[in-house]
Amino acid sequence: MSDLQKRIQDAVSHPKNLGEMVDADSVGTAGSEGCGDMLRMWVKFKEDASGRRVIDRATFQTFGCETAIAVASVATELLSGKTVQEALEMSGNDLAAPLGALPPMKIHCAQLVESALRSALEPSPAAQTVLAESAPQTTSAPRSPTLRDSFTPAAESGRPLRMVFKSPTKAE
Ligand code: FES
């Protein structure tokens, strides 16, 4: 097993910042057309000692491959303390850097994380409407939709929910 594979396995075995963030300030979702994987990232901001608005923490959920999980895990750790501008300047390779250089066939896995981050930091008005509408009416704490929630409205509307599982086209 290569050093890269070992680092990916370690990150997958002990993922950091995995899960929905109930008090997130922003949420972004990205999907890969190439493989069908999805990743959602939640971001919470804070003001640092010099008055800059920086990322306090970031969390993620994914229906994705092991590389996407590993990149999201290390990326969410890298993001803490960064301004929005600093975070937006990070490429997929930057976000995956703690794992080492990814092979060409896995670059899109890091780009999936980058896209979800960009979606959270440059959210569309529609995405933020979803975030606001997902807040419970009985408490002041907003609740960000999980990836599973994304599928719930169709199921509750009575429309059949059809999920198609495809064989992986690429080795992990
Ligand atoms: Fe699809 Fe890695 S994100 S194979």
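Below is a short write-up of the structure. Small disclaimer: the values here were computed from a predicted structure and weren't measured.

The rules behind each value
- Residues numbered from 1 in each chain as written.
- Predicted model: local features only at pLDDT ≥ 70, side-chain atom pairs only at ≥ 80, totals over all residues.
- Heavy atoms only, no water.
- Pairing = 2+ DSSP bridges.
- Helix = DSSP H or I, 4+ residues; strand = E, 2+ residues; numbered from the N terminus.
- Axes fitted to C-alpha atoms, helices over the stretch in contact; angles between N-to-C directions.
- Contact = heavy atoms within 4.5 Å.
- Phe/Tyr/Trp six-rings, centres within 6.5 Å; stacked < 30°, edge-to-face > 60°.
- Lys NZ or Arg CZ within 6 Å of the ring centre and 35° of its normal.
- Buried < 20%, exposed > 50% of the residue type's maximum accessible area, 1.4 Å probe, protein only.
- Expected span 1.5 Å × (residues − 1).
- Parallel < 35°, antiparallel > 145°, perpendicular 65-115°, else oblique.
- Polar contact = N/O pair within 3.5 Å; in protein donor to acceptor, adjacent residues only side chain to side chain.

1. Description of the sheet that holds strand S1 (residues 26-31)
Strand order across the open sheet formed by three strands is S1-S2-S3, with antiparallel pairing between neighbours. Two strands in the sheet have a free side with no partner beyond their single neighbour: S1 and strand S3 (53-63). On average, each strand axis in the sheet is tilted by 20 degrees relative to the strand beside it, whichever way the strands run. Pairing of S1 with strand S2 (residues 38-47) involves six bridges; the strand directions are antiparallel. Across the sheet, the residue bridging to Ser26 is Val43, located in S2. Of the strands in this sheet, S2 and S3 are in contact with helix H2 (residues 66-79), which crosses S3 at around 170 degrees. Here helix H5 (residues 107-121) sits on the sheet in contact with S1, S2 and S3, set at roughly 145 degrees to S1.

2. Focus: the side chain of Glu114
Note on placement: Glu114 falls in helix H5. Aside from chain neighbours lying at most four places away, what touches Glu114 is Met90, Ser91, Gly92 and Leu95.

3. Quick word on the packing of aromatic side chains
One pass over the structure, following the stated rule, counts zero aromatic pairs. Note that Arg53 overlies the ring of Phe45, its terminal NZ or CZ placed 3.8 Å from the centroid.

4. Brief notes about unusual backbone geometry
Positioned with a positive phi, Asn17 is a non-glycine residue whose angle comes to about 60 degrees. By secondary structure assignment, the location of Asn17 is in the loop between helix H1 (3-13) and S1. Look at Asn17 and you get partly exposed, because its relative accessible area is 30%.

5. Concerning H2
Between the first and last C-alpha of H2 there are 20 Å, a value that for 14 residues agrees with the 20 Å anticipated at 1.5 Å per step. Most of H2 sits inside the fold, with eleven of its 14 residues counted as buried. Among all positions of H2, only Thr67, Ala68, Ile69, Ala70, Val71, Ala72, Ser73, Val74, Ala75, Thr76 and Leu79 are buried. Taken together, the buried residues of H2 touch H1, S2, S3, helix H3 (84-88), helix H4 (92-96) and H5. Downstream of H2 by a residue or two, Gly81 has a phi angle that is positive, lying close to 90 degrees.

6. Quick look at the packing of H1 against H2
Look at H1 against H2: their axes get within 8 Å of each other, and the N-to-C directions meet at 75 degrees. When the axes of H1 and H2 are compared, the pair comes out roughly perpendicular. Judged by residue contacts, Ile8, Gln9, Ala11 and Val12 of H1 engage Glu66, Thr67, Ile69, Ala70 and Ser73 from H2.

7. Observations concerning the pairing of S2
Of all ten residues in S2, seven are buried; the element is thus mostly enclosed. Linking S1 to S2, which pair antiparallel, is a turn of six residues; within it Gly36 sits at a positive phi near 85 degrees. Two strands pair when backbone bridges link them, and S2 and S3 are joined in this way by ten bridges, in the antiparallel orientation. Counterpart to Arg40 in the pairing with S3 is Gln61. Between S2 and S3, which follow one another and run antiparallel, lie five residues, and Gly51 among them has a positive phi close to 85 degrees.

8. So, the environment of Glu66
Note on placement: Glu66 falls in helix H2. Sequence separation between Glu66 and Ile8 is 58 residues, and the spatial gap between their C-alpha atoms is 7.1 Å. Reaching out from Glu66, the side chain makes a polar contact with the side chain of Gln9 at a distance of 2.8 Å.

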